[in-house]
Each structure stands twice: as C-alpha cells, then as structure tokens.
Amino acid sequence: MADPFQDLNAADPAFVSRIVDILEARAKEPLMVEIIESYLEALPWVGIDLAVEVGCGTGPITRRMADHAARAGRGGQVEGLEPSSALVAAAIELGQGMDNLRFATADGTALPHEDGTVDVVVYHTVLTHVTDPVALLTEARRVLRPGGQLVVCDADFSKASFASGPDDPMGVFAQSFVRRFVTDAFTVGKLPAMVRLAGFETTRFDVSNRITTSDDGMIHYVQMCSEAMVSEGLIGQPLAEALLGEYARRRALGELYGFIPFATLIANKSDADSA
Ligand SMILES: C[S@@+](CC[C@H](N)C(=O)[O-])C[C@H]1O[C@@H](n2cnc3c(N)ncnc32)[C@H](O)[C@@H]1O
C-alpha cells in the first residue's frame, strides 16, 4: 500500500479531514513547538522578504513563520505551498487575519517562483513522504537567492517505537504506521548527503525527541492502523477497540511511551553550480 501522503488529492476525504486535526494537534504539542521554534528562531527574519513552506498541510508552521516575519517588522511575506487542495482550503481558513500570509496549491517539484527570488524554504515532515526528495531539494535551490536558507525538519521514522516490552502488541503499531503512512522511513539519515547533492552547505544537523507519555499524540497510530487491519480482515472490531482501550489504559496509568526522533537540518545555498 502506497503512502497516502504522496497524493492526498486522491485520498479518501474522510482521511484528509482527519489529517487536518492530526497535523494541527501535532504542531501544538509542547515538544513539537520547541523543535519548530528552535529552527524558526535561528532564521534571520529581519533580512527575509519571502519565506516559503513547501508541503505546508494545514499551515501550522507557516502561521508561526508569518508571526516571526511580522515581529521582525519589515514587511516580510510568508507563503505556504501544498499539493492537496483540501488542505490548502483548511490552511486559508485557519490563517485568516494574518496579513503577511498566503497559501496556494503547488507541488514541491514545480514551485511557482522565478529563480533566486526566495529567502527561505522550509520542509517540515514532507521529505519522508516523497519518492524523490532530491528533486524537491533541487527545486528549492533553484528558487532560493544566493545565500538563501533551507530548513528540513523530519521524523526519523526508522527509529520510531511504541513498545513497552518484547512481543508488546502496541509495538506493532509504530512499525505498521511507518509501513502504511511513510514513503522512506530512513530519509533522515540520508539528509546531509542529499542536501549536499542538491547544492547546499549544511550549517546545522541535530536531533530532538518527540516523546508521547500523557496525551493523544500517537493514538492515530493505533486508530488508523487498526482500522486498516479490520478492513483488510486481519483482525476484528473487538480487537481494534481493545487496542484503543489499551492506549487509554496506559495513558491513565502513566505507562504510555511513544518515541520518535526528529532531525533538524539548516543549510545555505552554496555558490557552486553543481545542482
Ligand atoms: C505529514 S504532512 C506535513 C504537513 C505540514 N508540513 C506539517 O508539518 O504540519 C506531509 C505533507 O507533504 C505534502 N506533500 C506530499 N508530496 C508533496 C510534494 N511532492 N510536494 C509538496 N508537498 C508534498 C502532503 O500533501 C502533506 O501535506
């Protein structure tokens, strides 16, 4: 089964409306806010005329970018680009009232910008969902001005874990989610080499952890995978419900432990013409 994030325009509308809620909730988790703010605070907002988030989904990160640009006080504009028209519609709705923010439908392989006209390009959990990340990075390099900055933040899904012990059925869901909803779980480890290939010089590459212990941060791993297993006839509805009950039980007892490393890479468009 192909990762549905590769083409949300072809996905079930019920799935897409669930994704709206999941993306918005994830971006509000305190650990995720720390990760996002750590790279946004590192950007030189006073010198930025145009910052673009590619694959912006419902725009929770784009809205934070617009907030940083507004606080810099020199009229910097922020744009969120996203192939899914349903997510762009949600992003426009959620971003109402921010004057320096706009959204449009576009694919990361064909950005609607002239060469060298963008100051910053951000990809937040996008490159793990595409078949050719270097194609998107190369397109980012084309639109960035000389010295422009690239930010990639993504989950190292290859290390995602949900198990509390050997043979823990909950542990299956981390692997099942990655298999069903991620294109390449090992993208993060390949990032430094890929950005170099695309013509960037990395200035920062570090990893923080997204840990879920007391909230619904990873309940959709269990929900979406158990629903898929029911529809495939692998398990019945009683087991799907029992597994959701187990998530709630662990959360109530403080025994929940979901773990995913999140890498942040910041790079400059290098002068070399190699890309
Ligand atoms: C997990 S979501 C992340 C959304 C948003 N960046 C966030 O973190 O809330 C992945 C996004 O990548 C988008 N995407 C997938 N393929 C893409 C492509 N070729 N170009 C641009 N975006 C793409 C999907 O439509 C989806 O909105």
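Residues numbered from 1 in each chain as written. Predicted model: local features only at pLDDT ≥ 70, side-chain atom pairs only at ≥ 80, totals over all residues. Heavy atoms only, no water.

Trainee: Teacher, can you tell me more about the overall build of the protein here?
Mentor: When you go through the protein residue by residue, the secondary structure sums to nine helices and seven strands. Against the 2.2 N^0.38 benchmark of 19 Å for 275 residues, the protein shows a C-alpha radius of gyration of 19 Å, consistent with a compact globule. With respect to the principal axes defined by its C-alpha atoms, the protein has extents near 55 × 40 × 35 Å. Taken over 275 residues, the protein has a buried fraction of 52%. Of the contacts formed within the protein by residues at least 6 apart in sequence, a portion of 82% connects residues at least 24 apart. (Helix = DSSP H or I, 4+ residues; strand = E, 2+ residues; numbered from the N terminus. Rg over C-alpha atoms; globule rule 2.2 N^0.38 Å. Buried < 20%, exposed > 50% of the residue type's maximum accessible area, 1.4 Å probe, protein only. Contact = heavy atoms within 4.5 Å.)

Trainee: When you look at the site of the ligand in this model, what are you seeing that I'm missing?
Mentor: Taken together, 22 residues are adjacent to the ligand, and Glu53, Gly55, Glu82, Gly108 and His124 come closest. A distance of 3.0 Å is found between a nitrogen atom of the ligand and a side-chain nitrogen or oxygen belonging to Glu53. Within the side chain of Asp107, an N or O atom sits 3.2 Å from a nitrogen atom of the ligand. Contact with the protein chains removes 96% of the 590 Å² of surface that the ligand exposes when unbound. For the shell around the ligand, the elements supplying multiple residues, two or more each, are α1 (13-28), β1 (50-54) and α3 (60-72). For the shell around the ligand, the per-class residue count stands at twelve nonpolar, six polar and four charged. (Near = heavy atom within 4 Å. Polar contact = N/O pair within 3.5 Å; in protein donor to acceptor, adjacent residues only side chain to side chain. Areas by Shrake-Rupley, 256 points an atom, 1.4 Å probe, with all protein chains shown as cover. Nonpolar A, V, L, I, M, F, W, Y, C, P; charged D, E, K, R; others polar.)

Trainee: Would you mind showing me how to read the packing of α1 against helix α2 (residues 30-40) here?
Mentor: Interhelical geometry of α1 versus α2 gives an angle of 75° and a closest axis separation of 5 Å. By the criterion of interaxial angle, the relationship of α1 to α2 is roughly perpendicular. Across from Arg26, Ala27 and Lys28 in α1, the residues of α2 making contact are Pro30, Met32, Val33 and Ile36. The class makeup of the residues in the contact of α1 with α2 is five nonpolar, no polar and two charged. (Axes fitted to C-alpha atoms, helices over the stretch in contact; angles between N-to-C directions. Parallel < 35°, antiparallel > 145°, perpendicular 65-115°, else oblique.)

Trainee: Sorry if this is basic, but what is going on with the UniProt feature "domain: Methyltransferase type" (unreviewed entry) in the protein here?
Mentor: The residues that UniProt annotates with the feature "domain: Methyltransferase type" (unreviewed entry) are residues 52-152. Strand forms 30% of residues 52-152 and helix 34%; the C-alpha atoms that close the span are 12 Å apart. (UniProt positions renumbered as here; feature names shortened; annotations may be inferred.)

Trainee: Would you mind showing me how to read the side chain of His129 here?
Mentor: By the element assignment, His129 lies in the loop between β4 (118-124) and α5 (133-143). Engagement of the side chain of His129 in a polar contact is seen with the backbone oxygen of Phe181, the distance being 3.3 Å. Apart from residues no more than four positions distant in its own chain, His129 is found in contact with Asp3, Phe5, Gln6, Phe181, Val182 and Thr183.

Trainee: Quick question: what am I supposed to make of a nonpolar patch on the surface here?
Mentor: There is a patch of nonpolar side chains on the surface, built from Leu31, Ile211 and Tyr257 and spanning about 230 Å² of accessible area. Here Leu31 is to be found in helix α2. Its relative accessible area of 31% is what places Leu31 among the partly exposed residues. (Patch = residues over 30% accessible without salt bridge, like charges linked within 9 Å, V, L, I, M, F, W, Y side chains within 5 Å. Salt bridge = Lys/Arg side-chain N within 4 Å of Asp/Glu carboxyl O.)

Trainee: Would you mind showing me how to read the packing of aromatic side chains here?
Mentor: Think of a pair of aromatic rings as described by two things: how far the centres are apart, and how the planes are tilted against each other in angle. All told, the structure shown has seven aromatic pairs when counted by the stated rule. Note on Phe15 and Phe181: the rings are 5.9 Å apart at their centroids and 10° apart in plane angle, and the pair reads as stacked. With Phe15 in helix α1 and Phe181 in helix α6 (residues 169-181), this pair connects stretches of sequence that are 166 residues apart. Phe15 sits in the buried class, given a relative accessible area of 12%. Each ring, one from Tyr257 and one from Phe259, has its centre 6.4 Å from the other, and the planes form 25°; the classification is stacked. The class for Tyr257 is partly exposed, based on a relative accessible area of 39%. (Phe/Tyr/Trp six-rings, centres within 6.5 Å; stacked < 30°, edge-to-face > 60°.)

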